[in-house]
Amino acid sequence: MDLIKSMVVAASGLKAQSGRMRIIAENIANAESTARVPGGDPYRRKIVTFEQKLNREIGAQTVTIGRPTFDKTEFKLKYMPGHPGADENGYVKMPNVNGMVESMDMREAQRSYEANLNLIQASRRMITQTIEILRK
């Protein structure tokens, strides 16, 4: 039963990390999305949050992805006088997305995803081996 429990917990980790990668991909895709009106705000980077949740069926804590929060760091200004979103001085607010940070976050999410997947595969092998031993 503990092997099944570990698989359920790891599966919740897979789902959470998958959601995290989806939000990181959204941040990367919008790294150059500016406002279309003068003085408007551009895309604001989203930050993933995780929540702990009790799975009553198996009696174990699992993880879920929570509601994303917004990064409160300041927008950078870029001089682009012909842009529709430029202010009276010709500056456009740029999103607070840093490609290097997003790449590092994506790599961390991928590694966490792989670790959970490896746990599921190892548990599955152990269950299969146990069944084989019991058959003999």
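All values reported here derive from a predicted model rather than from experimental measurement.

**With respect to the environment of Gly90**
Relative to the elements of secondary structure, Gly90 occurs in the loop between β5 (76-79) and β6 (91-94). Taking the C-alpha atoms as reference points, Gly90 and Pro68, separated by 22 residues in sequence, lie 32 Å from one another. Once residues within four sequence positions are removed from consideration, Gly90 is found in contact with Lys78, Tyr79, Met80 and Pro81.

**Points about the pattern of salt bridges**
Applying the stated criterion across every chain yields a total of 7 salt bridges. The residue Arg20 makes a salt bridge to Glu108 at a minimum N-O spacing of 3.6 Å. Highlighted residues: Arg20 in helix α1 (residues 2-29) and Glu108 in helix α2 (residues 99-135), separated in sequence by 88 residues. Through salt bridges with shared partners, a single network forms among Arg45, Asp71, Glu102 and Asp105.

**Examining the side chain of Asn27**
Summarising the element assignment, Asn27 is placed in helix α1. Taking relative accessible area as the criterion, Asn27 reaches 1% and is therefore assigned buried. Leave out the neighbours within four places in its chain, and Asn27 touches Tyr43, Arg45, Lys46, Val97 and Glu102.

**Observations concerning the pairing of β6**
On β6, burial follows the alternation: Val92 and Met94 on one face are buried, whereas Tyr91 and Lys93 on the facing-out side are not. Alignment of β5 against β6, held across 4 bridges, turns out to be antiparallel. Residue pairing in the sheet places Tyr79 in a bridge with Tyr91 of β6.

**Considering α2**
Across its 37 residues, α2 extends 54 Å between first and last C-alpha, which sits within 8% of the 54 Å expected from 1.5 Å per residue. Along α2, the residues that are buried comprise Glu102, Met106, Ala109, Asn116, Ile120 and Ser123. Here α2 starts with a cap whose side-chain oxygen sits 2.9 Å from the backbone nitrogen of Met100, and that cap is Asn98.

**Concerning a nonpolar patch on the surface**
A contiguous nonpolar surface patch, about 340 Å² in accessible area, is contributed by Leu77, Tyr79 and Tyr91. In this structure, Leu77 sits in strand β5. Under the relative-accessibility criterion, Leu77 is labelled exposed at 56%.

**Looking at the packing of α1 against α2**
Put simply, α1 and α2 touch, their axes get as near as 8 Å, and they point 160° apart. Taken together, α1 and α2 sit at an angle that is classed as roughly antiparallel. In this structure, the crossing between α1 and α2 has a hand that is left-handed. In the contact of α1 with α2, the residues fall into 18 nonpolar, 9 polar and 5 charged.

Rules used throughout
Residues numbered from 1 in each chain as written. Predicted model: local features only at pLDDT ≥ 70, side-chain atom pairs only at ≥ 80, totals over all residues. Heavy atoms only, no water. Helix = DSSP H or I, 4+ residues; strand = E, 2+ residues; numbered from the N terminus. Contact = heavy atoms within 4.5 Å. Salt bridge = Lys/Arg side-chain N within 4 Å of Asp/Glu carboxyl O. Buried < 20%, exposed > 50% of the residue type's maximum accessible area, 1.4 Å probe, protein only. Pairing = 2+ DSSP bridges. Expected span 1.5 Å × (residues − 1). Polar contact = N/O pair within 3.5 Å; in protein donor to acceptor, adjacent residues only side chain to side chain. Patch = residues over 30% accessible without salt bridge, like charges linked within 9 Å, V, L, I, M, F, W, Y side chains within 5 Å. Areas by Shrake-Rupley, 256 points an atom, 1.4 Å probe, with all protein chains shown as cover. Axes fitted to C-alpha atoms, helices over the stretch in contact; angles between N-to-C directions. Parallel < 35°, antiparallel > 145°, perpendicular 65-115°, else oblique. Left-handed = near helix turned anticlockwise from the far one by under 90°. Nonpolar A, V, L, I, M, F, W, Y, C, P; charged D, E, K, R; others polar.

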